[in-house]
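Next come the chains, spelled out residue by residue.
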Amino acid sequence: MDGLKNLIVSPKASFLVYRFVLIDNGDPKFLNFLRPNPSSSSSSSTPSSTLNPMATTPKPQRSPEEIEDIILRKIFLVTLIDSMNNNDPRIVYLEMTAAEILSEGGDLKLSKDLMERVLVDRLSGNFTSAEPPFQYLTAIYRRACEEQKKIVNMKDKSVRTQMELVVNQAKKLSVSYCRIHLSNPDMFPDSERNKSNVSPLLPLVFAEVATSIDAFGGGSGGSCPGFLDELFRDSDYESVEPVLKQLYEDLRGIVLNCSALGNFQQPLRALMFLISFPVGARALVNHPWWIPKGAYLNGRVIEMTSILGPFFHVSALPDQSIFKGQPDVGQQCFSESSTRRPADLLSSFTTIKTVMNNLYAGLADVLRTLLKNTSTRENVLQYIAEVINKNASRAHIQVDPISSASSGMFVNLSAVMLRLCEPFLDANSTKKDKIDPKYVFYGSRLDFKELTALHASSEEVTEWLNINNPNNGSSGENRLLHSQETSSSGLLQNNNPVQSQRESTNYSFICECFFMTARVLNLGLLKAFSDFKHLVQDIQRCEDNLATLKTMQEQTPLPRLAQDIARLEKEIESFTQEKLCYEAQILRDGDLLQQALSFYQLMVVWLVDRIGGFKMPLPQTCPMEFACMPEHFVEDVMELLIFASRIPRALDGVKLDDFMNFIIMFMASPEYIRNPYLRAKMVEVLNCWMPRRSGTLSATSTLFEGHQLSVQYLVRNLLKLYVDIEFTGSHTQFYDKFNIRHNIAELLEYLWQVPVHQNAWKQIAKEEEKGVYLNFLNFLINDSIFLLDESLNKILELKELEAEMSNTTEWEQRPAQERQERTRLFHSQENIIRIDMKLAMEDVSMLAFTTEQITAPFLLPEMVERVASMLNYFLLQLVGPQRKSLSLKDPEKYEFRPKQLLKQIVNIYVHLARGDHENIFPSAITKDGRSYNDQLFTEAANVLRRIGEDPRMIHAFDDLGKKARAAASEAMDAEAILGDIPDEFLDPIQYTLMKDPVILPSSRIIVDRPVIQRHLLSDASDPFNRSHLTPDMLIPDTELKHKIEEFVKSQQRKQHGEDVSMQNSSKSSIQSPDGTRPLID
């Protein structure tokens, strides 16, 4: 203490001691003890009270300059006075700066005016143990904030105001020089420059957006509140653009390999934080990686290299191994799922659903923020359009995972686009009027050129555009021609920049968002549905093969079989994990499905508006605005409805009336929707909605039983589609029709039980007796015959295979590969029999219940013999001599119920006989020379009696058999009467006597009307030259008909004359009463 007293000998020495004590942050009492009295003069004597620390003199007040100096030294951690006793290594002595200030005659006190000078000198110097520039500058800001809190408590308002200005200036300088340092890292010496490639701002950004659950960044530690806001809020774009560019690249790198279980949420919040600043949004869309450029740019490149791509890549869905995010969701959440507790699986489902919805919400906020900014909106739309156009191949059945973006990215983009559509998803809102259909023709952003239209051909589109756009016809034609001839839409834009500019401003955001969402859903969510369906099929296939191999292994253990079993079990485990990942992200996300349903409800309402709204019948001519819309718009609606209908409670709360109206309107309208398979999907939707016979009221029953269009048109359109589907134009049309008609048959069977629909059905049968209903019956009979015949033949083949396999000794001697192939064939035959028999039983059942009420169409001349032949054939198979060869150990396994089938066949016989008022049915039965046998009726009746069927039905069937026998006898007599029939009177197709000859207009061949009409029911062509032919084109040959009638009469007269002659001859041989002549000669 004595040493210190000796130092205080002059004002200068007193100032030096003061500096030392202040910087040393010593005891306040000691500070007061050393502090010189500002009012004292320069004298060598010092009052004793000054030297006494216990003195009670009043505490002297500091001047504003002194307070400013103290605050700035605390903030900047610099000193202008050298001190050997400084305990804080961060404090830097600016010797050169102090010397310069002294040489300029200044005071060695920090002030607002010296602030920037001191900061530059501190940053420019290479000081040992000093903080690196970035850490130092952010610490300045942090300490300035701390001092700012203390200043608030100052009593002197003027001093407080002055100090606030000083502190604010310090904060601004720290932010400004931080910006300079980050933009030009070489400007100031930095010992840590090469230690990391990550922006030093990144931890601050993470700290700014940190939450309590963040794993990265340690919560809010190291935060610097307000610093980033000042750094980016009002900054010059050129100065922060490099800084933001590095930050965006860093964020992209962090999430590049993230899965749904990875740490993507904090980088996503950081991205959202950065674009909340106008400069941040601008820097993002101007980043070279916003839309990557290059000759090899494809969908996968955009996903992995663009700034937003890796964020959209985060997913729980499976992906190619080289692109798969970590941790592996399937492995971590669903490995060995069959052994896991349901609660564990449910927890995994909930976790994935939650994190994915966080991702959807975050990405939607990012795009929404950018779209609200007029300077960045166009860039966002360009990005989305580029992602769509470069991934158009995702619509293909086989997708190249190397060149196309992942399903995860597109499902995420689907969810985000649906959220962007939310403001205009109300189908009753007028906002949908802003969706302009001409966007498909003139919009240059999306590429529609490869998409199939609902009905219009490219030539029809060209003609329509030229007619409806006389002033811009050339540009409209160019749009179409260029879309057909070029590989990208960019060529069109370059050829006509003025038109492109007009197009980009003509369409509202609602319009662009609508069409982009439709395309994204097609390539994303709907494609994921398809992938999931194929995945389930793969699992089923593997399980079937596994069961076969295990059966073979039990019979004859082999090492190769064991290897195949292990391989299949591994495949099933992998497929099951992938299936559960789809289920977690999509199937269990009810909100996502509800949003998609809302979008497609808007889609169907908007499409129907193109033709004038929900009303029937449809206009005769399909408007081109409807005909030119992409076919997948409607197909996606149906696929979503089918998929959602199979997920429990997915349709809860969804109003399905608009969908129902749409389906009824277009399912039987090839003039509006050309693709028959697309119209068949509509039936599949209805089949999913059909109320099951469970005794409870279904939520969808009102759609069928109380819906106006349903009651009026549903049965009619189902019957029409049943006929139309015969000719789809596909090389697989013959087999495709059975599955489609199966769905129709199930619906028709249900509707028959609804009184209003049954009445409508009867009315249609009456009105369309020789129209669509007759065609329907013809195809129904054709299918029944084919399916039953096919399944019965397969049963015989199956029994041969069973016999082979049951001979154990011979079977085990065969090579393993042959046994494996024969076993697979056996299971394949089982499946074919099961499917064909089920379809055949459905068709026969429909004939049985409809003939109870409707018989007239079956008894028409062109139909009655066809029906009779079918029934005779079925009867022959069921009770004929070969019936024992069709016996199976377990017929129910194959949907084969011979007793039920026989009962239905007999019912059809009886129903038609009951409605046969002209007694033509028995004769038709006997004309079938292939299958008719009188004994079959007797045997069938005996079988029915043994199984206890209704005696009344059996009695009616016996009566029909008797009538058939009588008709057969009459037919033989008639044939004998006619004798040799001239060839000109014979039908050239069946070689029977013609009753109503007609001339075919093209080939000029004469045939019998019922025969050709029966042919035309299945094939609308002349059987002799394949030219088009319809019943109304037939030309009656009245002259030939008259000749035939005359021939028949003459033969009958001739026979009658012979009979009279024989009778007279007989009378002459009778004995007279007197017995003189014999009674019979």
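Residues numbered from 1 in each chain as written. Predicted model: local features only at pLDDT ≥ 70, side-chain atom pairs only at ≥ 80, totals over all residues. Heavy atoms only, no water.

## Notes on the overall build of the protein chain
Then step 1. Each helix and strand counted, the protein chain has 47 helices and five strands in total.
Then step 2. Counting over 1081 residues, the protein chain shows a buried share of 50%.
Then step 3. When contacts within the protein chain are restricted to residue pairs at least 6 apart in sequence, those whose partners lie at least 24 apart make up 74%. (Helix = DSSP H or I, 4+ residues; strand = E, 2+ residues; numbered from the N terminus. Buried < 20%, exposed > 50% of the residue type's maximum accessible area, 1.4 Å probe, protein only. Contact = heavy atoms within 4.5 Å.)

## Description of the packing of aromatic side chains
Then step 1. One pass over the structure, following the stated rule, counts 42 aromatic pairs.
Then step 2. Aromatic pair Tyr 439 and Tyr 507: ring centres 5.1 Å apart, planes at 85°, arrangement edge-to-face. Linking Tyr 439 in helix α21 (residues 439–442) with Tyr 507 in the loop between α25 (497–506) and α26 (509–523), this pair joins segments that are 68 residues apart in sequence. Neither residue differs from the other here; Tyr 439 and Tyr 507 are each classed as buried.
Then step 3. The ring of Tyr 237 is capped by Arg 282, whose NZ or CZ atom sits 3.8 Å from the centre of that ring. (Phe/Tyr/Trp six-rings, centres within 6.5 Å; stacked < 30°, edge-to-face > 60°. Lys NZ or Arg CZ within 6 Å of the ring centre and 35° of its normal.)

## Quick word on the environment of Ser 931
Then step 1. Along the chain, Ser 931 falls in the loop between α43 (921–926) and α44 (934–946).
Then step 2. Judged by relative accessible area, Ser 931 falls into the buried class, the value being 3%.
Then step 3. For the pair formed by Ser 931 and Met 870, sequence separation is 61 residues and the distance between their alpha carbons is 8.9 Å.
Then step 4. In this structure, Ser 931 is in contact with Asn 872, Tyr 873, Leu 876 and Leu 936, ignoring residues within four places of it in sequence.

## So, unusual backbone geometry
Then step 1. Omega for the peptide link from Gln 326 to Pro 327 comes to -5°, which places this bond in the cis form.
Then step 2. Relative to the elements of secondary structure, Pro 327 occurs in the loop between α16 (309–313) and α17 (329–334).
Then step 3. Residue Pro 617 is reached from Met 616 by a cis peptide bond, and omega for that bond is -5°.
Then step 4. Looking at the secondary structure, you find Pro 617 in the loop between α29 (590–609) and α30 (624–627).
Then step 5. In this model, Asn 919 sits at a positive phi of 55°, which is unusual for a non-glycine residue.
Then step 6. Position of Asn 919 among the secondary structure elements: in the loop between α42 (898–915) and α43.

## Section: the UniProt feature "coiled-coil region" (unreviewed entry) in the protein chain
Then step 1. This chain's UniProt record puts "coiled-coil region" (unreviewed entry) on residues 558–585.
Then step 2. Annotation note: span residues 558–585, helix share 96%, strand share 0%, distance between end C-alpha atoms 41 Å. (UniProt positions renumbered as here; feature names shortened; annotations may be inferred.)

## A short note on the side chain of Ser 335
Then step 1. Relative to the assigned elements, Ser 335 resides in the loop between α17 and α18 (342–372).
Then step 2. Of note is the side chain of Ser 335, whose polar atom sits 3.0 Å from the backbone oxygen of Gln 331.
Then step 3. Leave out the neighbours within four places in its chain, and Ser 335 touches Gly 330, Arg 340, Glu 573 and Gln 577. (Polar contact = N/O pair within 3.5 Å; in protein donor to acceptor, adjacent residues only side chain to side chain.)

## Here's the deal with the environment of Glu 918
Then step 1. Structurally, Glu 918 can be placed in the loop between α42 and α43.
Then step 2. Overall, Glu 918 belongs to the exposed group, its relative accessible area being 65%.
Then step 3. Distance in space between the C-alpha atoms of Glu 918 and Leu 859 is 9.3 Å, their sequence separation being 59 residues.

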